[in-house]
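Secondary and tertiary structure notes
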Amino acid sequence: MTPGKKLGGLVAATVTPMTPDGQINLSVISQYVDYLVSKQNVKNVFVNGTTGEGLSLNVQERKQLAEEWLCQGKDKLDHVIIHVGALSLAESQELARHAAAVGATGIAVLAPFFFKPTNKAELIAFLQKVASEAPAVPFYYYHIPPLTAVKIRVEELLDGITEQIPTFRGVKFSDTDLLDLAQCINKNEREQFTFLYGVDEQLLSALAIGADGAVGSTYNYLGQKTNLMLQAFAKPDLALARKYQFLTGEFLNFVTKLGFGVAQTKAVMTFVSGIPMGPPRLPLVDASEEFIIKAKAKLESIVWPDSD
Ligand SMILES: CC(=O)N[C@H](C=O)[C@@H](O)[C@H](O)[C@H](O)CO
Ligand SMILES: CC(=O)C(=O)O
């Protein structure tokens, strides 16, 4: 790992490989790492998050996955960020200590979403108690109000946050409120926080207002194409960058209409990479054969600028 390297660019939100009978399948993670690096040019991962069904796994499974990703990624990946959020503060703290012990380059925590913090002070209090268990590990807040329903604006949250959480380094911002993101970036430029955007189909818009990169499920299989979008944006060749965004958006728009979630992401990743990712865990259910056939045909029909 390259912990000194500033986090940025693409981070794949990994799926959790499972065996046909629903146990976590650690045996394919080595292959998964090689695939991301060699085929998608993605060298950062976000483990046990939404896409990884982190909240559907038990503590033991989460620890085993964190360990395996860190072990397999040791000399191949730049950053391995472990999501350690949980409804139980004690479990979250245990996972934070474990992530630190096994060498995570960052930890992330989402807002508790059953009993919810109702204001900034309550949310910070929870985050602080987790972050302080890993005092040498960069800490990221995982803002995903569509799933947590915790809508405290990040702009407000960041105001003075390093006084309470000295390890605070940035946000994984999975919301469409780009005004909030823009104000975060506007106010925090000099503090050098890292802002990673999490709505893949709108990444170009987030880059335009200064996001440092992105964490998302689609970078598992569209990482290489999205890297080309990042390159075009940096050049800048905005027309080309837009073309990539429109095409990744075309795929997501298509699958969204069929019903798209983590189960379907696992199925897409299985057919694209050839690595068996297995079924999701209940309450999610496997993608249908019909979905797989249609999604595969759609992905194969897209004519990318570099393959013209
Ligand atoms: C809810 C969810 O899983 N969001 C992911 C990350 O935040 C995204 O990567 C989406 O999967 C992606 O934007 C497709 O909608
Ligand atoms: C999408 C994302 O970042 C996650 O799976 O947590």
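Note that the coordinates shown come from a computational prediction; the quantities given were computed from them, not determined experimentally. (Residues numbered from 1 in each chain as written. Chains lettered and ligands numbered in written order. Predicted model: local features only at pLDDT ≥ 70, side-chain atom pairs only at ≥ 80, totals over all residues. Heavy atoms only, no water.)

1. Quick look at helix 2 (residues 59-73)
Taking 1.5 Å of rise per residue, 15 residues should cover 21 Å, and helix 2 covers 21 Å from first to last C-alpha, within 8% of that figure. By the burial criterion, the buried members of helix 2 are V59, E61, R62, K63, L65, A66, E68, W69, L70 and G73. Of the residues flanking the start of helix 2, the one acting as N-cap is N58, its side-chain oxygen 3.1 Å from the backbone nitrogen of Q60. (Helix = DSSP H or I, 4+ residues; strand = E, 2+ residues; numbered from the N terminus. Expected span 1.5 Å × (residues − 1). Buried < 20%, exposed > 50% of the residue type's maximum accessible area, 1.4 Å probe, protein only. Polar contact = N/O pair within 3.5 Å; in protein donor to acceptor, adjacent residues only side chain to side chain.)

2. Focus: a nonpolar patch on the surface
Among the surface-exposed residues, L87, F114 and F115 lie close enough to one another that they form a single nonpolar patch of about 400 Å² accessible area. Its location among the elements puts F115 in the loop between strand 4 (106-110) and helix 4 (120-131). (Patch = residues over 30% accessible without salt bridge, like charges linked within 9 Å, V, L, I, M, F, W, Y side chains within 5 Å. Areas by Shrake-Rupley, 256 points an atom, 1.4 Å probe, with all protein chains shown as cover. Salt bridge = Lys/Arg side-chain N within 4 Å of Asp/Glu carboxyl O.)

3. Here's the deal with the site of ligand 1
Every residue lining ligand 1 is accounted for by T50, K172, S174, G198, V199, D200, E201, G216, S217 and L252. S174 places a side-chain nitrogen or oxygen 2.9 Å from an oxygen atom of ligand 1. The separation between an oxygen atom of ligand 1 and a polar side-chain atom of S217 is 2.6 Å. Bound to the protein, ligand 1 loses 77% of the 390 Å² it would expose on its own. Judged by the proximity of its atoms to the pocket grid, ligand 1 belongs to the largest pocket. Considering only residue class, the shell around ligand 1 consists of two nonpolar, five polar and three charged. (Near = heavy atom within 4 Å. 1 Å grid on protein atoms, 1.4 Å probe; cavity = no way out; pocket = protein on both sides within 12 Å on 5 of 7 lines; lining within 4 Å. Sits in = over half its atoms within 2 Å of the grid points. Nonpolar A, V, L, I, M, F, W, Y, C, P; charged D, E, K, R; others polar.)

4. Details of the side chain of N48
Following the sequence through the fold, N48 ends up in the loop between strand 2 (44-47) and helix 2. In this structure the side chain of N48 is engaged in a polar contact, spanning 3.2 Å, whose partner is the backbone oxygen of R62. Setting aside its immediate chain neighbours within four residues, N48 contacts T14, T16, G54, L57, R62, L65, A66, I82 and H83. (Contact = heavy atoms within 4.5 Å.)

5. Re the UniProt feature "active site" (unreviewed entry) in the protein
Per the UniProt entry, the sites bearing "active site" (unreviewed entry) are Y142 and K172 in this numbering. These annotated residues cover 31 residues of sequence, and their C-alpha atoms lie no more than 4.8 Å from one another, placing them together at a single site. Among the annotated residues just listed, those lining the largest pocket are Y142 and K172. Mapping Y142 onto the fold places it in strand 5 (residues 139-143). The class for Y142 is buried, based on a relative accessible area of 3%. With residues near it in sequence (within four places) discarded, Y142 still touches F46, T50, H83, V109, L110, A111, K172 and S174. Engagement of the side chain of Y142 in a polar contact is seen with the side chain of T50, the distance being 2.5 Å. Of note, K172 is situated in strand 6 (residues 168-173). Non-local contacts of K172, meaning those with residues more than four positions away in its chain, are made with F46, Y141, Y142, H143, L196, G198 and V215. (UniProt positions renumbered as here; feature names shortened; annotations may be inferred.)

6. Brief notes about the UniProt feature "binding site: pyruvate" (unreviewed entry) in the protein
Within this numbering scheme, the UniProt entry marks T51 and V215 as carrying the feature "binding site: pyruvate" (unreviewed entry). With the annotated positions falling across 165 residues, the maximum pairwise C-alpha distance of 10.5 Å places them together in a single cluster. Here, the largest pocket is lined by T51 and V215 out of the annotated residues. On the secondary structure map, T51 appears in the loop between strand 2 and helix 2.

7. Points about empty space enclosed by the protein
Under the definition given, this model contains one cavity of 30 Å³ or more. Volume-wise, the largest cavity comes out at about 50 Å³. Considering the residues around the largest cavity, the lining is formed by D200, E201, L203, T218, Y219, T226, M229, Q245, T248 and L252. Those elements giving two or more residues to the lining of the largest cavity turn out to be helix 10 (223-234) and helix 11 (238-258). It is helix 11 that contributes the most residues to the lining of the largest cavity, three residues altogether. (Points joined across faces, edges and corners; volume = space filled by probe spheres on them.)

8. Let's talk about a negative patch on the surface
A surface patch of like charges, here negative, comprises E156, D159, E163 and E191. As for its position among the elements, D159 is in the loop between helix 6 (154-158) and helix 7 (161-164). (Lys, Arg positive; Asp, Glu negative; His and termini not counted. Charge placed at Lys NZ, Arg CZ, Asp CG, Glu CD.)

9. Quick look at unusual backbone geometry
Most peptide bonds adopt trans geometry, and most residues besides glycine take a negative phi value. Omega for the peptide link from K235 to P236 comes to 0°, which places this bond in the cis form. Residue P283 follows L282 across a cis peptide bond; omega there is 15°. The phi dihedral of N48 falls on the positive side, at around 70°, and the residue is not glycine.

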